[in-house]
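Fold and contact review
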Amino acid sequence: MKQVRAKEFTGRHMLIIMVLFFGTIIAVNLTMATLANTTWSGLVVKNSYVASQQFNEKVEAAKAQSALGWTPVLGFSEGLITFQMQGKSGDKIELERVTVVLRHPVGESADRHLTLVRQPDGSFTTTDRVPDGVWTVETTAVPPDFPAHFTTRRLELSEGKVL
């Protein structure tokens, strides 16, 4: 019978293991960093210092907006967004104009700015159909004699329907 001799573990073997181990980690990190860099701008605000200075003003505006007791009603039908504002008693609030910004949660390339058109019943509707996907809908409604009313809502669409 032939005798098999055990191979010796050498420094060369250890070097190969270390290079493969750390090479794998570095390759994965570079891949993840590249994907993260190409799919999201990382921009939350253009100037964080200015945004921090405006924070208290935005809080006060939100308190004033909440004190009015108005309820934004955002609807979606056949690929179109509809919007109207209701008062505390359910009556419609007259609005001068309504604008909508559709933002993808990741990336800015597909963002859309829409101006809604007033309908005979006082509501506002988009003229362009909204494509499928996940959207953050930022609505600015401007009533006469009041500051603009801001709302944000998440909308997930598939095959033209809200999920």
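Here's what I pulled together on the structure shown here. (Residues numbered from 1 in each chain as written. Predicted model: local features only at pLDDT ≥ 70, side-chain atom pairs only at ≥ 80, totals over all residues. Heavy atoms only, no water.)

**Quick notes on the packing of aromatic side chains**
Applying the stated rule across the entire model yields one aromatic pair. With a centroid separation of 5.0 Å and an interplanar angle of 85 degrees, the aromatic rings of Phe21 and Phe22 are classed as edge-to-face. Phe21 gets classed as partly exposed once you look at its relative accessible area, which sits at 47%. (Phe/Tyr/Trp six-rings, centres within 6.5 Å; stacked < 30°, edge-to-face > 60°. Buried < 20%, exposed > 50% of the residue type's maximum accessible area, 1.4 Å probe, protein only.)

**Some details on the sheet that holds strand 9 (residues 149-158)**
Reading across the sheet, the five strands line up as 5-4-8-9-10 and stay open at both edges, with antiparallel pairing between neighbours. Only two strands of the sheet have a single partner each, and these edge strands are strand 5 (112-115) and strand 10 (161-162). Relative to strand 5, strand 4 (residues 97-103) runs antiparallel, the two sharing four bridges. From the neighbouring strand, Val101 faces strand 5, where its bridge partner is His113. (Pairing = 2+ DSSP bridges. Helix = DSSP H or I, 4+ residues; strand = E, 2+ residues; numbered from the N terminus.)

**Describing the environment of Thr82**
With respect to the helices, strands and loops of the structure, Thr82 is situated in strand 2 (residues 80-86). Excluding residues that lie within four positions of it along the chain, Thr82 makes contacts with Val73, Leu74, Gly75, Phe76, Phe124 and Thr125. (Contact = heavy atoms within 4.5 Å.)

**Here we look at the layout of surface pockets**
Unoccupied space between atoms shows up once a probe the size of one water molecule is rolled over them. Reported here for the second largest pocket is a volume of approximately 270 Å³. Lining the second largest pocket, in full, are Lys58, Ala61, Ala62, Ala64, Gln65, Leu68, Pro147, Ala148, His149 and Phe150. Of all elements in the fold, only helix 3 (55-68) and strand 9 reach the threshold of two or more residues within the lining of the second largest pocket. At six residues, helix 3 tops the list of elements feeding residues into the lining of the second largest pocket. (1 Å grid on protein atoms, 1.4 Å probe; cavity = no way out; pocket = protein on both sides within 12 Å on 5 of 7 lines; lining within 4 Å. Points joined across faces, edges and corners; volume = space filled by probe spheres on them.)

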